[in-house]
Amino acid sequence: MRTGIIDGANLNGGQQLAVKYFSVALVLFLVQMLFGLLAAIQFVRPDFLYNVLDFNVNRMVHIDAMVVWMLYGFVGAVYWLLEEESGTRVVGLAVGNLAFWVLTVAVAIVVVVYLWVQTGPGNDLTRWFVNEGREYLEAPRWADFGIVAVLGVFFYNVAATFSRGRWSGIAGVLTLDLVALAGLYCAGMFYLTNITADQYWWWWVIHLWVEATWEVLVGCIMAWGLMHVLGVRRRIVETWLYIEVALMFGSGILGLGHHYFWIGTPDYWFSIGGFFSALEPIPLVAMVVHSVYDAGVRKLRNGNHPALAWIIAHTFGNFLGAGVWGFMHTLPQINLYTHGTQWTASHGHLAFFGAYATINIAFFYIAMQTWRGNIWLGSGLAGEGWKWKGALALINLGVIGMTVALLIAGYEQSFIERAMEGSTWRGYFAGQMHPWFQQAMAWRLVFGVVTLAGALLLVWDLLTIGVGETRRAPQFAAEAG
Amino acid sequence: MIEPVAPEDFQRVFATAAATVLGGAGYAGLFAWARLKNRRLWLVGAYMCYAASAAAMLLLTRAAHLNGAWQGVVVLMLVGYLLAPHGIWHLCVASHRLERNSRAPPGD
């Protein structure tokens, strides 16, 4: 094993596939920010790139790139841990590699078509080959089938590998979750002429992917990551994985109801959505106890400071973004005014960042550590680790700044556009023209630039961290299987 | 059915909703710290945070018109915020006791 340099020989087969997923994830992360910035500029200067690269396209690519880079990160993380966790080589790795290239080429084609065909009729041809037209799930139908097929290959790799090797608590939860991951996506693949019925199923993908299958996936990845980074024992992480899944499913699945308030579904969804949404922060609050307990007992000693720092950022980001920002506007009595305003965007920015982006970034650092020969990434790094610390600070500052700016804009929209003007067309423009909204959009752009600067620093750090390092990290990983 | 929040109460709803969750987190954090370090003073702080969370929840109840069956949700939240940290604490202690009793290596 060679240390201090990037060497594929330091990785097993699954990990070699994982770093391909991580590399594309990182590129898509930058794409997400680039198109987010273009959209942010257009809020401040609406004529910017008008009829060249319109706002709706920039926003769509911004959000879709986020969904896809997170998915690439999760899939990569699972391939990363697969051989160590199962104790055997990945079954069907060649098919897994093929699926990676198919997915990557498909994503590239979809984005090019988005940019090439920005306007046009909505018919079967465009639905199949250009844009399906559903917000967040714009991928054309052919790509939908491709996504499900690739997730099927992914499931085969995971299930067959565990079957040939050994099963564990993490393996069982993970494998079952992958069935739901592929299965739920199918709920967004059929078109109904009744908009209420169509939205009903559409939310199954959006909410249940994000607040059920993704959360469980991240729970599995985190469980393995904590064993690897902190040396936490398997029995502990698996116990907590089961508790987390139970708590999350208890409140998260029917929390779906908060998306059904205003789409034409029956009144009882007010009660179901309000009830479970009100209970959703309780597991997050309860988990504070576990964080404090572990911090106090374990003293957080570890050999990968950047990864641990991003895991800590995950704890705070998830709590604030999903818990606090979610609960502030989730009850139907207030959501009547806030849904679909920048309030939602404020919540979305912090929650997605806190719950998912942070975990993927933590895993990038875990990958770099092993890729360079399981080197020490704790204290005493070259330059005292200023690059990873700077990236952490800039990205967190940027995201929190954007969140607060969007919060102010959302508050103003709720008040003027919704409450005072009664959601009229005139009210929409009154809200958009208000100085609070416009200043908030300017600040959002500023903090977007800060976030991008942090992301560029992050990429630089990932490419250079541990160069020439010869100290070895504790061997938690070798014992984790 | 629901009675929407009055526009003049928007700020109160947002602030009290945030204070509810933050107060709950403060209670959970201080509670765990007090039990970990065996300090009663921190426990007093924890219950003050819970009281603040409960007060915020009651203000939210009024501002957001949480009447009728909605008050059941409020009671469940009050009970949940109070008891969940106790439950998680016991689970922490029990699961880590298993760890101490086990001589198996990490990850085993």
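What you see is a predicted model; the values in this text were computed from it and never measured.

Criteria and thresholds
Starting from 1, residues in each chain are numbered consecutively following that chain's sequence as written. The order in which chains are written sets their letters, starting at A; the order in which ligands are written sets their numbers, starting at 1. Only residues with pLDDT of at least 70 get local features here, since the model is predicted, and only at 80 or more are side-chain atom pairs given and counted; chain-wide, interface and lining totals rely on the full set of residues. Just so you know, side-chain values use all the structure's heavy atoms and leave hydrogens and water out. Only DSSP runs of H or I covering at least 4 residues are called helices, and only runs of E covering at least 2 are called strands; the numbering of each starts at the N terminus. Using C-alpha atoms as the atom set, the radius of gyration is obtained and then compared with a globule rule of 2.2 Å times the number of residues to the power 0.38. For every residue, the accessible area (1.4 Å probe, protein chains only) is compared with the maximum for its type, and the residue is labelled buried under 20%, exposed over 50%, or partly exposed between those bounds. All tallies of charge rest on Lys and Arg as positive and Asp and Glu as negative; His and the ends of each chain are not included. Where a charge sits is defined by one atom per residue type, namely NZ (Lys), CZ (Arg), CG (Asp) or CD (Glu). Using a 1.4 Å probe, accessible areas were evaluated by the Shrake-Rupley method; residue-level cover was limited to the displayed protein chains. When two cysteine sulfur atoms lie within 2.5 Å, the pair is treated as a disulfide. Note on definitions: angles span 0 to 180 degrees between N-to-C directions of axes, and those axes are lines fitted to C-alpha atoms, for helices only across the stretch in contact. Between 65 and 115 degrees an angle is taken as roughly perpendicular, under 35 as roughly parallel, over 145 as roughly antiparallel, and anywhere else as oblique. We call two residues contacting when some pair of their heavy atoms lies within 4.5 Å. Note on residue categories: nonpolar means Ala, Val, Leu, Ile, Met, Phe, Trp, Tyr, Cys or Pro, charged means Asp, Glu, Lys or Arg, and polar means any other residue, Gly included. In this text, buried Ala, Val, Leu, Ile, Met, Phe, Trp, Tyr and Cys residues form a nonpolar core when linked through side-chain atoms within 4.5 Å. When two components associate, each loses some accessible surface as probed by a 1.4 Å sphere; the sum of these losses over both components is called the buried area. In protein, a polar contact means a hydrogen-donor-capable atom and an acceptor-capable atom, both N or O and within 3.5 Å, with residues adjacent in sequence counting only if both atoms are side-chain atoms; elsewhere, any N or O pair within 3.5 Å suffices. Aromatic rings from Phe, Tyr and Trp, taking only the six-membered ring of Trp, are treated as a pair when their centres fall within 6.5 Å; an angle between ring planes under 30 degrees marks them as stacked, one over 60 as edge-to-face, and anything in between as tilted. Ring-over charges, as used throughout, are those where CZ of Arg or NZ of Lys falls within 6 Å of the ring centre and within 35 degrees of the ring normal. UniProt positions are given in the numbering used here, feature names are shortened, and annotations may be inferred rather than shown by experiment. Just to be clear on terms, a salt bridge is a Lys or Arg side-chain nitrogen sitting within 4 Å of an Asp or Glu carboxyl oxygen. What pLDDT reports is the predictor's confidence in each residue, on a scale of 0 through 100.

Student: Kindly report on the overall build of chain A, identifying the contributing residues and their values.
Tutor: For chain A, the helix and strand inventory stands at 17 helices and zero strands. For a compact globule of 481 residues, the expected C-alpha radius of gyration is about 23 Å, and chain A comes in at 22 Å, within 12% of that figure. If you line up chain A on its principal axes, its C-alpha atoms span 65 × 45 × 45 Å. Relative to its 481 residues, chain A shows a buried fraction of 61%. Within chain A, one finds 24 positive and 28 negative side-chain charges whose respective centroids are separated by 10 Å.

Student: Give me the lowdown on the overall build of chain B, citing residues and values where you can.
Tutor: Across its full length, chain B carries three helices and zero strands. Listed N to C, the secondary structure of chain B is α-α-α in terms of helices and strands. Put simply, chain B has 108 residues, and 46% of those count as buried. With an accessible surface of roughly 5500 Å², chain B has 63% of that area assigned to carbon and sulfur atoms.

Student: Pulling in residues and values, what's your account of the state of the cysteines?
Tutor: This structure, assessed with the given rule, holds zero disulfides over all chains. Here Cys49 of chain B stays unpaired: no disulfide links it, and the sulfur of Cys92 of chain B, its closest cysteine neighbor, is 19 Å away.

Student: If you had to explain the packing of helix 2 (residues 55-86) of chain A against helix 3 (residues 93-116) of chain A to someone new, which residues and values would you point to?
Tutor: Residues and elements named next belong to chain A. Where helix 2 meets helix 3, the axes come as close as 11 Å, and the angle between the chain directions of the two elements is 175°. The angle between helix 2 and helix 3 places the two elements in the roughly antiparallel class. Taken together, the residues of helix 3 that come into contact with helix 2 (itself represented by Val57, Met60, Val61, Asp64, Val68, Tyr72 and Tyr79) are Gly96, Phe100, Leu103, Thr104, Val107, Tyr114 and Leu115. Classifying every residue of the contact of helix 2 with helix 3 gives eleven nonpolar, two polar and one charged.

Student: Give me the lowdown on the nonpolar core, citing residues and values where you can.
Tutor: Residue and element names in this part refer to chain A. With 185 residues, the main nonpolar core has Trp80 and Trp209 as its most contacted residues. Examining the composition of this core, we find that 20 residues originate from one element, helix 7 (residues 195-230), more than from any other. Look past the residues within four positions of Trp80 in its chain and what remains in contact with it is Leu11, Gly14, Gln15, Ala18, Val19, Phe22, Trp224, Phe363, Ile366, Ala367 and Thr370.

Student: If you had to explain the interface of chain B and chain A to someone new, which residues and values would you point to?
Tutor: Interfaces are frequently sized by the accessible area removed from exposure as the parts join. Each side of the interface is counted separately: chain B has 50 residues, and chain A has 53 residues. Taking both partners together, chain B and chain A bury about 4500 Å²; carbon and sulfur atoms supply 78% of that area. Linking chain B with chain A are two residue pairs in polar contact (both at pLDDT 80 or more), by the criterion used here. Secondary-structure elements contributing two or more residues to the side of chain B that touches chain A are helix 1 (10-37) and helix 3 (70-101) of chain B. Across the side of chain B that touches chain A, the residue classes tally to 36 nonpolar, ten polar and four charged.

Student: Give me the lowdown on the packing of aromatic side chains, citing residues and values where you can.
Tutor: Ring pairs (aromatic) are described by centroid distance and by the angle formed between their planes. Residue and element names in this part refer to chain A. Taken as a whole, this structure holds 52 aromatic pairs over all chains when the rule is applied. Taken together, a centroid distance of 5.9 Å and an interplanar angle of 40° make the contact between Tyr268 and Trp269 tilted. Here the guanidinium or amino end of Arg127 rests over the ring plane of Tyr191, the centre of that ring lying 4.6 Å away. Geometry around Trp128 places Arg141 over its ring, the cationic atom sitting 5.8 Å from the centre.

Student: Outline unusual backbone geometry, supporting the account with residue identities and numerical values.
Tutor: Residue and element names in this part refer to chain A. The phi torsion at Tyr136 lies on the positive side, around 75°, for a residue other than glycine. Positioned with a positive phi, Ser423 is a non-glycine residue whose angle comes to about 60°. Mapped onto the elements of the fold, Ser423 is located in the loop between helix 14 (386-420) and helix 15 (425-433).

Student: Go over the UniProt feature "transmembrane region" (unreviewed entry) in chain B, please, and point to the residues and values.
Tutor: What UniProt calls "transmembrane region" (unreviewed entry) maps, in this numbering, to residues 13-34, 41-60 and 72-93 of chain B. Secondary structure content for residues 13-34 of chain B is 100% helix and 0% strand, and the end C-alpha separation is 31 Å.

Student: Tell me about the pattern of salt bridges, and please be specific about residues and values.
Tutor: Residue and element names in this part refer to chain A. Here the structure, examined in full by the defined rule, presents 13 salt bridges over all chains. A salt bridge links Arg45 to Asp47, with the shortest nitrogen-to-oxygen separation between them at 3.6 Å. Each of Glu132, Arg134, Arg141, Asp144 and Asp198 takes part in one network of salt bridges that share partners.

Student: I'd like a rundown of the confidence of the model for chain B, residues and numbers included.
Tutor: Residue and element names in this part refer to chain B. Residue-level pLDDT values for chain B average 88, and 90% of them are 70 or greater. When the elements of chain B are averaged for pLDDT, helix 3 gives the smallest value, 86, and helix 2 (residues 40-63) the largest, 95. Considering only residues more than four positions removed or in separate chains, one finds that residues 103-108, a stretch of pLDDT under 50, has 16 contacts. Model confidence for the complex is summarised by a pTM of 0.92, with the ipTM given as 0.87.

Student: Lay out the side chain of Asn97 of chain A with the relevant residues and their values.
Tutor: Residues and elements named next belong to chain A. By the element assignment, Asn97 lies in helix 3. On the basis of relative accessibility, which here comes to 18%, the residue Asn97 falls in the buried class. Side-chain polar atoms of Asn97 contact the side chain of Lys20, separated by 2.6 Å. Setting aside anything within four residues of it in sequence, one finds Asn97 in contact with Leu17 and Lys20.

Student: Just give me the short version of the side chain of Asp54 of chain A, but keep the residues and values in it.
Tutor: In this structure, Asp54 of chain A sits in the loop between helix 1 (13-44) and helix 2. One buried charged side chain, Asp54 of chain A, makes no salt bridge at all; its nearest oppositely charged neighbour is Arg59 of chain A, positioned 14 Å away.

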